[in-house]
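Remarks on the overall topology
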Amino acid sequence: MHKSAAQETQNQSPNAPANQGMTRRNLLIGIMASVGVATTVGCVENFDKSLASLELEKNSHPDNLRFYTANEYELLSILTSLIIPDTDTPGALAIGAPKMMDTLHADWASTESKEKQKIAISEIKQSLDKLAGQNFLTAPSKIQLSSLTELDSQAFSGKKNKAWGYRSVKSLIARFYYSSEVGATQELRYELVPGRWEACIPFEKVGRTWAA
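Starting afresh in each chain, residues are numbered from 1 along the sequence in its written order. Side-chain atom pairs in this predicted model are given and counted only at pLDDT of 80 or more, local residue features only at pLDDT of at least 70, and totals for whole chains, interfaces and linings cover all residues. Here the side-chain values reflect all heavy atoms present in the structure, with hydrogen atoms and water set aside.

A short note on the overall build of the chain
Note on conventions: DSSP H or I runs of at least 4 residues are helices, E runs of at least 2 residues are strands, and numbering of each starts at the N terminus. Tallying secondary structure elements over the chain gives ten helices and zero strands in all. Helices (α) and strands (β) of the chain occur, in sequence order from the N terminus, as α-α-α-α-α-α-α-α-α-α. Exposure is judged per residue with a 1.4 Å probe applied to protein chains only, and the accessible area is read against the type maximum: over 50% gives exposed, under 20% gives buried, and values in between give partly exposed. Buried positions account for 43% of the 212 residues belonging to the chain. Whether two residues touch is decided by their heavy atoms; if any such pair falls within 4.5 Å, the residues are in contact. For the chain, the proportion of contacts with a sequence separation of at least 24, taken over those separated by at least 6, is 65%. To be clear on the numbers: accessible area is Shrake-Rupley with a 1.4 Å probe, and residue cover counts the displayed protein chains and nothing else. Summed over its atoms, the accessible surface of the chain is roughly 11100 Å², and 53% of this surface lies on carbon and sulfur atoms.

Set out below in C-alpha cells:
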C-alpha cells in the first residue's frame, strides 16, 4: 500500500486536520483528541516529549507492552508495515508507530477510548481472518496484503459505518507517522518559498506531499 494512500487517509478521516496550515502541534492535538484527551498547552508539550523519547526507543518487545496484548501488537505491527511501508524513506513500523500507539492508550486515552480501541482491533482481526480464509497473523505476506487491500477498499467505500475501527486505526497510524521526524522531514518535502499556488494537479507531477 503506497504512502499516498495513507496521506489520503488524513483527508478522509472525519477527525483528521486539514492539510493546509498543518503543524506538528495540530497533529498532536488531533491524536490526543481522537482518544478523548482534553488538550491543554501543557498536555501537548508533555505528549510531544513522550513521543520524542519513543522515537528513539522504536518498537517494543511484547513483554514490555502496557496496553495491547502480544497478538494485538503483532497485528498492529503488520498493519503499520503494510499501510505505510519502507520505501526510499523508513515506514510507519520503522519509526515505532505501534509503540507510540501502545503508550498513547496506556497513558493518555480515556476509558471509553481504550474500550473502543480494543473493539476496533478485535473487529479488524476478525475481518482480516475472514478475508484471508485463515489466521491473518500467520498467513503468507501476499495474502496479508490482498486481505488488507480488500478491507481498506470496503472501509472507504462511502458507507459511513463500514469498518469504522479500521478507519480509526489507519488514521492514527498516519497521524503518528507524519508527526515523526522521518514523516515530517523526509517523507514530506519542505520548501520555504513554495511559489505559485496550484489548487489541483496530478499527484504524479509532484511525487509526494509537501510539508509546507
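Structural notes on the confidence of the model for the chain
How sure the predictor is of each residue is captured by pLDDT, a score from 0 to 100. Here the chain averages 80 in pLDDT, and 75% of its residues register 70 or above. The weakest mean pLDDT in the chain belongs to helix α1 (residues 3–12) at 46; the strongest belongs to helix α6 (residues 111–132) at 95. Counting contacts from residues 4–21, a segment whose pLDDT is below 50, to residues more than four positions away or on other chains yields 32 contacts.

Concerning helix α8 (residues 164–179)
An ideal rise of 1.5 Å per residue puts 22 Å on 16 residues; α8 measures up with 22 Å between its terminal C-alpha atoms. Within α8, 14 of the 16 residues are buried, which leaves it mostly tucked inside the rest of the structure. For a helix, the expected span equals 1.5 Å multiplied by the number of residues minus one.

Observations concerning the packing of aromatic side chains
Ring pairs are drawn from Phe, Tyr and Trp, using the six-membered ring of Trp, whenever the two centres fall within 6.5 Å, and their geometry is named by plane angle: stacked under 30 degrees, edge-to-face over 60, tilted for the rest. The tally for this structure, following the rule as stated, stands at two aromatic pairs. Judged by centre distance (4.9 Å) and plane angle (75°), the rings of Phe67 and Tyr68 are edge-to-face. Each member of the pair, Phe67 as well as Tyr68, is classed as buried. Between Tyr177 and Tyr178 the ring centres are 5.0 Å apart and the planes differ by 85°, which places this aromatic pair in the edge-to-face class.

A short note on the pattern of salt bridges
For side chains of opposite charge, pairing can occur when their charged atoms come near one another. We define a salt bridge as a contact between a side-chain nitrogen of Lys or Arg and a carboxyl oxygen of Asp or Glu at a distance within 4 Å. Counted by the stated rule, this structure contains five salt bridges. Ionic pairing is found between Arg66 and Asp107, a salt bridge with its closest N-O pair at 2.3 Å. Highlighted residues: Arg66 in the loop between α3 (41–57) and α4 (70–83) and Asp107 in helix α5 (residues 97–108), separated in sequence by 41 residues. Residue Lys170 is joined to Asp152 by a salt bridge in which the shortest nitrogen-to-oxygen separation is 2.5 Å. Placement of the pair is Lys170 in helix α8 and Asp152 in helix α7 (residues 141–155), with a sequence separation of 18 residues. With respect to burial, Lys170 and Asp152 carry one shared label: buried.

Let's talk about the packing of α4 against α5
Helix-helix packing is described using two parameters, namely the angle between the two axes and the distance between the axes. Lines fitted to C-alpha atoms define the axes, with helix axes restricted to the stretch in contact, and inter-axis angles between N-to-C directions lie between 0 and 180 degrees. For the pair α4 and α5, interaxial distance at closest approach is 9 Å and the crossing angle is 130°. The angle between α4 and α5 falls in the class oblique. Regarding α4 and α5, the two cross each other, and that crossing is right-handed. Counting all contacts with α4, which are made through Tyr73, Leu76, Ser77 and Thr80, the residues of α5 involved are Ala97, Pro98, Lys99 and Met101. What sets the label is the angle itself: under 35 degrees gives roughly parallel, over 145 gives roughly antiparallel, 65 to 115 gives roughly perpendicular, and the rest give oblique. Crossing handedness: left-handed means the near helix sits turned counterclockwise from the far one by under a right angle, and right-handed means the same turn made clockwise.

A closer look at the nonpolar core
Note on soluble globular proteins: their nonpolar side chains tend to be buried together. Counting 40 residues, the largest nonpolar core has Leu79 and Val169 as the members making the most contacts within it. Broken down by secondary-structure element, the contributors of at least two residues to this core are α2 (24–34), α4, α5, α6, α7 and α8. Beyond its immediate stretch of four places on either side in the chain, Leu79 contacts Ile124, Leu128, Leu148, Val169 and Ile173. What makes a nonpolar core is a set of buried Ala, Val, Leu, Ile, Met, Phe, Trp, Tyr and Cys residues whose side-chain atoms join them at distances within 4.5 Å.

Considering the environment of Ser122
Its place among the elements puts Ser122 in helix α6. Given a relative accessible area of 34%, Ser122 falls into the partly exposed group. Once the C-alpha coordinates of Ser122 and Leu75 are considered, the two residues, 47 residues apart in sequence, prove to be 9.9 Å apart.

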